[in-house]
Amino acid sequence: MRNRNGIFWGIFMLLSAGILIASQMHLITYAFSFWTVVMTIFLVAILIKSLVNYVIPGTVFSLAFLAILYAKPLGIMAIVPWTVLGAALLISIGLSFIFHPFIAKHRFRSMRYYHHGNNWHNPRMHARFDHNIDVETVDQPDVNVSVRMGSSVRYVTSDDFKEANIDVSMGNAKVYFENVTVQDTATINVNISLGGVDLYVPKNWNIVKAIDDNSMSGWSEEGNPEITEDSPTVTIHGYTSLSGLKIAYI
């Protein structure tokens with residue numbers, strides 16, 4: 001994560017320097033308002049962050065909003081905003097279908113590498129769930145859930161839970177961990193694109209959130225945790241793009 005943040009800020013600073021030099025050399029002749037500049041910086045930041053993290057919807061929609069913002073100098077006033085936004089939605093869906101399996105594989109590989117560096121073992125691919133409507137109980141220390149354009153409900157039962165990989169694209173998943181025992185620490189990896197994931201976890205879990213949700217997404221919590229000295233630590237790693245993640249304490 002640190003390496004990606006360094007790449008993001010490095011590219012952002014280089015582009016900012018290029019814009020500054022171009023403006024001082026009068027290579028940019030269009031008059032920008034203050035709020036246009038602010039919005040440009042915000043959208044460019046999302047664009048670069050999305051590119052670095054391979055987030056397709058964040059990349060496409062940041063470009064779409066930039067096109068709307070600069071519609072007049074670009075000469076595309078006739079197709080903004082709805083045509084551009086509609087095209088961005090279709091392009092995001094199309095590219096997600098094409099590239100999502102490769103991106104998800106890359107992200108989970110990166111997460112497993114990170115955990116291995118902290119004495120974690122690679123998860124075993126016990127199951128893969130791609131049905132539109134799917135309800136199942138999983139009794140494994142390592143759990144894998146994958147949803148494409150559907151809904152999935154998982155009831156996890158394990159006496160030694162280690163890791164869960166949850167990959168959702170244009171769908172929804174609910175995963176219940178109420179019948180799970182964590183011996184010391186565990187990890188939940190999420191990769192959500194144009195979808196939603198609800199995690200139902202015991203109140204005594206000490207949840208550590210390491211979620212990259214800056215691509216027009218967000219996460220929320222429901223209920224109140226009751227952490228004690230014996231509470232296991234469970235870290236939630238992941239990426240959300242035009243999506244939502246809810247953590248419910250039960």
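Because the structure is predicted, anything quoted here is derived from the model rather than measured. (Residues numbered from 1 in each chain as written. Predicted model: local features only at pLDDT ≥ 70, side-chain atom pairs only at ≥ 80, totals over all residues. Heavy atoms only, no water.)

This paragraph deals with the packing of aromatic side chains. Any pair of aromatic rings gets described here by the distance separating the centres and the angle formed by the planes. For the structure shown, the criterion picks out five aromatic pairs. Between Phe161 and Trp205, the aromatic rings sit 6.3 Å apart at their centres with planes inclined by 10 degrees, giving stacked as the arrangement. Here Trp205 lies in the loop between strand S7 (196–201) and strand S8 (206–215) and Phe161 lies in the loop between strand S3 (151–158) and strand S4 (163–169), a separation of 44 residues in the sequence. Looking at Trp205, the relative accessible area reads 1%, which means it is buried. Judged by centre distance (5.8 Å) and plane angle (50 degrees), the ring pair of Phe177 and Trp205 falls under tilted. Of this pair, Phe177 sits in strand S5 (residues 172–180) while Trp205 is found in the loop between S7 and S8, placing the two residues 28 residues apart along the sequence. Assessed through its relative accessible area of 0%, Phe177 is described here as buried. Joined through ring pairs, the aromatic side chains of Tyr155, Tyr176 and Tyr200 make up one cluster. (Phe/Tyr/Trp six-rings, centres within 6.5 Å; stacked < 30°, edge-to-face > 60°. Helix = DSSP H or I, 4+ residues; strand = E, 2+ residues; numbered from the N terminus. Buried < 20%, exposed > 50% of the residue type's maximum accessible area, 1.4 Å probe, protein only.)

Generally speaking, nonpolar side chains in soluble globular proteins are found buried as a group. By size, the foremost hydrophobic cluster in this structure holds 29 residues, and its most contacted members are Phe161, Ile166, Phe177, Ile188, Leu199, Trp205 and Ile236. Within the residue set of this core, elements represented by two or more residues are strand S2 (142–148), S4, S5, strand S6 (185–193), S7, S8, strand S10 (233–241) and strand S11 (244–249). Other than its neighbours up to four places away in sequence, Phe177 contacts Val156, Phe161, Ala164, Ile188, Leu199, Tyr200, Val201, Pro202 and Trp205. Core analysis: the second largest hydrophobic core is formed by nine residues, Leu43, Ile48, Val52 and Tyr70 among them. (Core = buried A, V, L, I, M, F, W, Y, C linked by side-chain atoms within 4.5 Å. Contact = heavy atoms within 4.5 Å.)

Following the criterion strictly, the structure yields three salt bridges and no others. For the salt bridge of Lys209 with Glu221, the shortest nitrogen-to-oxygen distance reads 3.3 Å. Taken together, the positions of Lys209 in strand S8 and Glu221 in strand S9 (residues 218–222) put the pair 12 residues apart, joining distant regions of the chain. Under the relative-accessibility criterion, Glu221 is labelled partly exposed at 39%. (Salt bridge = Lys/Arg side-chain N within 4 Å of Asp/Glu carboxyl O.)

Below, the discussion takes up a nonpolar patch on the surface. A contiguous nonpolar surface patch, about 410 Å² in accessible area, is contributed by Phe97, Ile98, Phe99 and Met149. Considering the arrangement of structural elements, one finds Phe99 in helix H5 (residues 82–116). (Patch = residues over 30% accessible without salt bridge, like charges linked within 9 Å, V, L, I, M, F, W, Y side chains within 5 Å. Areas by Shrake-Rupley, 256 points an atom, 1.4 Å probe, with all protein chains shown as cover.)

This paragraph deals with helix H3 (residues 56–69). The first and last C-alpha atoms of H3 sit 20 Å apart over 14 residues, in line with the 20 Å expected at 1.5 Å per residue. Across the 14 residues that make up H3, a large majority, 10, are buried. For H3, the full list of buried residues reads Ile56, Pro57, Gly58, Thr59, Val60, Phe61, Ser62, Ala64, Leu66 and Ala67. (Expected span 1.5 Å × (residues − 1).)

Turning our eyes to something else, we now look at the environment of Thr36. Note that Thr36 resides in helix H2 (residues 34–52). When the C-alpha positions of Thr36 and Leu69 are compared, they lie 7.3 Å apart, and in sequence the two are 33 residues distant. Not counting residues up to four positions away in its chain, the partners in contact with Thr36 are Leu69 and Tyr70.

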